[in-house]
Structure formats: structure tokens, C-alpha cells
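Analysis of the macromolecular model
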Number of protein chains: 2
Amino acid sequence: MIIMDKRIKEIDIYRNKEGLRSDLHDYLVVEAPVTIYLNEEEMVTLLCTPENLEELAVGFLVSEGFIRNKEELQEVKADYDKGNVFVVTTGTSLIAERTFLKRYITTGCGKGTSFYNVMDAKLSKIVDSGLKISAEAILALMKEAANKSELFLKTGGVHSTALCDTKEIIVFREDIGRHNATDKIVGKCFREGIPLQDKILFTTGRISSEILIKVAKMGISIIVSRSAPTALAIDIAKETGVTVIGFVRGSRFNIYTSPERVV
Amino acid sequence: MIIMDKRIKEIDIYRNKEGLRSDLHDYLVVEAPVTIYLNEEEMVTLLCTPENLEELAVGFLVSEGFIRNKEELQEVKADYDKGNVFVVTTGTSLIAERTFLKRYITTGCGKGTSFYNVMDAKLSKIVDSGLKISAEAILALMKEAANKSELFLKTGGVHSTALCDTKEIIVFREDIGRHNATDKIVGKCFREGIPLQDKILFTTGRISSEILIKVAKMGISIIVSRSAPTALAIDIAKETGVTVIGFVRGSRFNIYTSPERVV
């Protein structure tokens, strides 16, 4: 059977089991370099699952502060064969550009301050939308998100992220990168005007400082994960007022910060 | 009980279990920004588990091609409180600097070619050391590495990487980042003159293109993971001749490339 899914590559491998070797037809998750161009300038190359590239590009640019409102976004065109996305805006924010350069130059050319300081300086308390969620809904939605992940079930090589309200999954995205999966959701919501402040982000990945910063910047007040948060992510969650829920497994989970949102 | 382990932070959280909420004393893995200075120039800030910082810095610089032989390395000093590591060498390689800048400028400022092309151009077939490993040894070493991971057992928030010969673990490192854990091993081996060509790298993390490139550059001919490889990692493994073994669980595993090294 030939699968026409660009996210999957078929391969013949060997399986060793209890000392015996057999042939096996298996599926690998595709990892592709995708380059984002902003106003005809090459901006960044991400390694990702090559689907929803328009969303990924817009989400990345919104997360990084290059695009702040919908009116600025003029055109998005993706070339899936070459792995390029071209985004045209009414102009880049000089502040965002400075921060982005600072951050990546820190990660490359030896100028600027540390990543954490740069990001830290920009974060402020999220606006509390009054959102609350029940323990039952947390367990049910995490289970639903896990069952929805076809690509993971087939390849075991991706993280999935689901944007939910208190009842159901609104947007679901899978990617080899945790950050990319989240950016795809940001991009979709930004383009379609789906508000984020009354939503909850579910992820299979660990909650590191970078994910927490992304969530806080979007104004999302609750993040839920199957896995562990880091101490730095929890520090930032306390500063920004985000509720962090981790280790959702079976009928239990941990609440690390702002527990009043879980009822 | 107060734990004097800088890798761990204690926290009081809530545990929800079958609808009931209770207090719980728990442990978070510490995530710290660490800045590497090369010859007094700020080079990069990594988010990592703050131990073995000297190894991390040297390993990063070796992996990126800034240091190529031991004679070039003059001094390594880590300031654990401030999260800085100062490395002094006899001079940086201009070629490495160009590639590094190109790569990160691609990831930042819009110049240069894509990440994959840059890396691809530099890879060549690894030198086959004739190393072979038995199926029993693969299963036994993966199990040993999993049991050795105290920090994971306590926090659930790290990846671990073990450098092994065909009989035992030689170096074991844990970090919130897969890349960092590998770089810590590279750094230790480089400083102590431990050869890598006759060793096997075991990791709990997925095998993405970036990890495969790191392994191939070190001349390691076998990589073993609990998790999945990506299609791009397998393409690079075929090009470079690295044996990729994945999904080591219980009494079974998959062999994706160069199966002749598993006996």
C-alpha cells in the first residue's frame, strides 16, 4: 500500500525481537527544513513536519513579535515542494527586529544579553479572562488529544498540541518540534481571528521556559501537559499568572501554579 | 528534607487524583541559561541542566567545529553561580566561524543558505572501526542507562545519554536538552582523550537530523534510542554509514540502517 501522506515516509527495516530478526515495513516521520521569508528577506530555517506551513510561518512571526495585528499581514504563500514560505507584511516592527536579532545574535555572533533576560524584560502579567476548567474536562481532553494523534501512533516521532475550550478541541496540530506545533496553532488562530484568551493549550511535550513564554505572550491562562515542567517555566508561570498542569496520566494530574482555575 | 542538588528545585504542588485534591511535596528539574564565552567574546546562551558546564562548553565548541584538537584548548573556567563558561583557545578556526555564523545567521538575520545544505556539505562517510554489538548488549545497556537516570526518576524532565563500549557505560549525562546531554559527553571525551570511534551512543531522546549529524561528526558508528528516528536522520545515516537503532523496549528494537553491526 502506498500512502500519499507527505508527513510520512515508508521504509523497510529489521525488527529484532527475543533474539530473532525479521523484515518489517515501517513508517518514519518526515523532518523537513522550511525557510521563512519576510518581505523578500530570508529570515529563519526551521526543521519541521511539512504541513500547514502558512500557519507555521505566520505563527512564528507572531510569536516573535514581527506581526502584531491582522491588518499588517498582506500575503502568505507556501511552496511545499521547495520548503519555502513567503510572507508579506506592511512593514516589520523595529522593536521586534531588534529583539529577534539580539536573541539570535546572542545565539550566534556574540552580542547582546542572554536569552532569558531579553525575554524576561518583555513579559507582564496575563489578563485574567476568568477562565476555569474542571478536573474531568482536563482528563477527558488530554485523552481525546492523545487518541487524535494519527501521526504519533504511526511513527512515534511527533509532539501534538491541542487548543481547547472547556468542552472540546478547537485546533489540533502535530509536529516533530513542540515549538512548531504551538506556532501552527498561533498562526491559524491569528489568521482566522480565533481568540486565545479563553482557551487552554494541551501539549504532549515538556513545559520548558520557551513554551511557557510563548503561552504567556499569547495570553493563554492555562497550559496542560502529559509531561514535566521545568523550574524556570514555573518561575515564569508565577510571574505571569499562568496555570501550569503537568503529568496528566490516567485519573490524576499535578497543579503547579494558580490552582484556582481548576474547579 | 533539604536536597543539596543544584539540578533540582523543591516545590509544593497540588495533586488531583480521582477528583480529590491533596498537597504534595515535589521536585522540578532546574533549567538554567548558561552563556559560553570564547576568547572573551560572548558566543551562545544555552538553556540547560547546570552541571558539567565545562564539558558542555567544550563539547558545544567541538561539535560546532571551533576546536579541533586538544592542543588548541588552553583554559576552561566555569562560574556556576552566574551561569558563565569562559573558554580560551589558541585561536578560532575561520572556517568554523564562517559556518557557524552562516548557520545561525540563517536562523536569524536572513543571509546564507539553509541549515540542511550547510551541514550536508560538510558530512562525509564515517571511518568504519569494525565495531559490532550483540542484540543482548543493546537491550542490557539501554536498561542500565534507564535505571541510572536518578534525575529523570525524580523529575521526569530530562533526557539522558550514555556513551558505552559493547560491555558497559563509560560516560553518562543527563540534561533538559538532548543536544546538551550529547555535547557534555563530547566535551568530557575531548578533554580526557577518550576515543569515540569504538563507542556506541545511547539516548532516551528521538533521533532527529541534528543528533545524527552530531554523531556522524564525532565518528560514532552506532546510535541507539528508546524513541523514533526521523526520515531526514535516516537519510543522513545512510549517507554517512551510521547504524541507527530505535524503539528499544523490552526485548525488542528496530534496526534502520547498516544492520551488519548488530550481531
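How each quantity is defined
- Residues numbered from 1 in each chain as written.
- Chains lettered and ligands numbered in written order.
- Predicted model: local features only at pLDDT ≥ 70, side-chain atom pairs only at ≥ 80, totals over all residues.
- Heavy atoms only, no water.
- Helix = DSSP H or I, 4+ residues; strand = E, 2+ residues; numbered from the N terminus.
- Buried < 20%, exposed > 50% of the residue type's maximum accessible area, 1.4 Å probe, protein only.
- Contact = heavy atoms within 4.5 Å.
- Areas by Shrake-Rupley, 256 points an atom, 1.4 Å probe, with all protein chains shown as cover.
- Salt bridge = Lys/Arg side-chain N within 4 Å of Asp/Glu carboxyl O.
- Phe/Tyr/Trp six-rings, centres within 6.5 Å; stacked < 30°, edge-to-face > 60°.
- Pairing = 2+ DSSP bridges.
- Axes fitted to C-alpha atoms, helices over the stretch in contact; angles between N-to-C directions.
- Core = buried A, V, L, I, M, F, W, Y, C linked by side-chain atoms within 4.5 Å.
- Parallel < 35°, antiparallel > 145°, perpendicular 65-115°, else oblique.
- Left-handed = near helix turned anticlockwise from the far one by under 90°.
- pLDDT = per-residue confidence, 0-100.

**Describing the overall build of chain A**
On a plain count of helices and strands, chain A comes out with 8 helices and 12 strands. Looking at chain A residue by residue over its 263 residues, the buried ones come to 61%. Excluding contacts between residues fewer than 6 apart, the proportion of contacts in chain A whose partners are at least 24 apart in sequence is 51%. Here chain A displays about 11,000 Å² of accessible surface, and carbon together with sulfur accounts for 51% of that area.

**Digging into helix 1 (residues 53-63) of chain A**
Residue and element names in this part refer to chain A. Of all 11 residues that make up helix 1, 9 are buried, and the element is covered over most of its length. Buried residues of helix 1: L53, E55, L56, A57, V58, G59, F60, L61 and S63, and no others. Just downstream of helix 1 lies G65, where phi reads positive at about 85 degrees.

**Section: the pattern of salt bridges**
Taken as a whole and assessed by the stated rule, the structure comprises 22 salt bridges over all chains. Measuring nitrogen to oxygen at the nearest pair gives 2.9 Å for the salt bridge that ties K9 of chain A to D235 of chain B. Pair noted here: K9 of chain A is in strand 1 (residues 8-17) and D235 of chain B is in helix 8 (residues 231-240), and the two residues belong to different chains. Assessed through its relative accessible area of 33%, K9 of chain A is described here as partly exposed. Here the salt bridges share partners, and the residues they tie into one network are D5, R7, E51 and E174 of chain A.

**Here's the deal with the packing of aromatic side chains**
All names here are of chain A. For the coordinates displayed, the defined rule picks out 2 aromatic pairs over all chains. When the centroid spacing of 5.0 Å and the interplanar angle of 25 degrees are considered together, the rings of Y37 and F86 count as stacked. Pair noted here: Y37 is in strand 3 (residues 32-38) and F86 is in strand 6 (residues 84-89), with a separation of 49 residues, a long-range link. Residue classification places Y37 among the buried positions, given a relative accessible area of 19%. Given the relative accessible area of 35%, F86 is considered partly exposed.

**Examining the sheet that holds strand 6 (residues 84-89) of chain B**
Residue and element names in this part refer to chain B. Spatially, 4 strands are ordered 4-3-6-5 in an open sheet, and the strand pairing comes out mixed. The two strands at the open ends of the sheet, each matched to only one other strand, are strand 4 (41-48) and strand 5 (73-79). Across the sheet, the mean angle from the axis of one strand to that of its neighbour is 20 degrees, orientation sign disregarded. Across 7 bridges, the pairing between strand 3 (residues 32-38) and strand 4 is antiparallel. Along strand 4, the bridge assignment pairs L38 with E41. Running over the sheet, helix 1 (residues 53-63) touches strand 3, strand 4, strand 5 and strand 6 and is turned about 115 degrees from strand 4.

**Here we look at the nonpolar core**
The biggest cluster of nonpolar side chains holds 56 residues, and the ones touching the most others in it are L61, V87, L212 and I223 of chain B. Broken down by element, this core gets its largest block of residues, 7 residues, from helix 1 of chain B. Grouped together as the second largest cluster of nonpolar side chains are 36 residues, L163, I207, I213 and V242 of chain A included.

**A closer look at the sheet that holds strand 8 (residues 169-175) of chain A**
Strand order in the open sheet formed by 8 strands is 8(A)-7(A)-9(A)-10(A)-11(A)-12(A)-1(B)-2(B), with mixed pairing between adjacent strands. In the strand order of this sheet, the two ends are held by strand 8 of chain A together with strand 2 (20-29) of chain B, each with one partner. If you compare each strand with its neighbour and ignore which way they point, the axes differ by 25 degrees on average. Contacts from helix 6 (residues 178-192) of chain A reach strand 7 (159-164), strand 8 and strand 9 (200-203) of chain A, with the element oriented near 140 degrees to strand 8 of chain A.

**A word on the side chain of K184 of chain A**
Residue and element names in this part refer to chain A. Tracing the chain through its elements places K184 in helix 6. When its relative accessible area of 0% is taken as the criterion, K184 is described as buried. Aside from chain neighbours lying at most four places away, what touches K184 is T49, E51, N52, E55, L56, R173, E174 and D175.

**Notes on the environment of K143 of chain A**
Residue and element names in this part refer to chain A. Structurally, the position occupied by K143 is in helix 4 (residues 135-148). Given the relative accessible area of 59%, K143 is considered exposed. Separated by 106 residues in the primary sequence, K143 and R249 place their C-alpha atoms 8.8 Å from one another.

**Digging into the pairing of strand 6 of chain B**
Residues and elements named next belong to chain B. As defined by bridge partners, strand 3 adjoins strand 6 across 4 bridges and the pair is classed as parallel. Looking at strand 6, one finds that L38 is bridged to V87. Across 6 bridges, the pairing between strand 5 and strand 6 is antiparallel. Paired with E75 across the two strands is V88, which belongs to strand 6. Counting the residues between successive antiparallel strands, the hairpin from strand 5 to strand 6 contains 4 residues, one of them, G83, with a positive phi of roughly 70 degrees.

**Focus: the packing of helix 7 (residues 209-218) of chain B against helix 8 of chain B**
Residues and elements named next belong to chain B. Running from amino to carboxyl end, helix 7 crosses helix 8 at an angle of 20 degrees, the nearest separation of the two axes being 8 Å. Considering the angle they form, helix 7 stands roughly parallel to helix 8. Here helix 7 runs over helix 8; the crossing is right-handed. Within the contact between the two elements, helix 7 uses S209, L212, I213 and A216 and helix 8 uses L232, A233, I236, A237 and T240.

**A few points about the confidence of the model for chain A**
All names here are of chain A. Here chain A averages 87 in pLDDT, and 87% of its residues register 70 or above. Under a pLDDT of 50 for its full length, residues 102-121 has, in the predicted model, 58 contacts with residues more than four places off or in other chains. The complex prediction reports pTM at 0.88, with the ipTM value standing at 0.87.

**Some details on helix 7 (residues 209-218) of chain A**
With respect to burial, helix 7 of chain A is a largely interior element, 8 of its 10 residues being buried. Of the positions making up helix 7 of chain A, those classed as buried are S209, I211, L212, I213, K214, V215, A216 and M218 of chain A.

**A look at unusual backbone geometry**
Unlike most non-glycine residues, N52 of chain A shows phi in positive territory, near 50 degrees. Note on placement: N52 of chain A falls in the loop between strand 4 (41-48) and helix 1. The exposure class assigned to N52 of chain A is partly exposed, which follows from its relative accessible area of 22%. A positive phi angle is found at N39 of chain B, which is not glycine, with a value near 50 degrees. With respect to the helices and strands, N39 of chain B occurs in the loop between strand 3 and strand 4.

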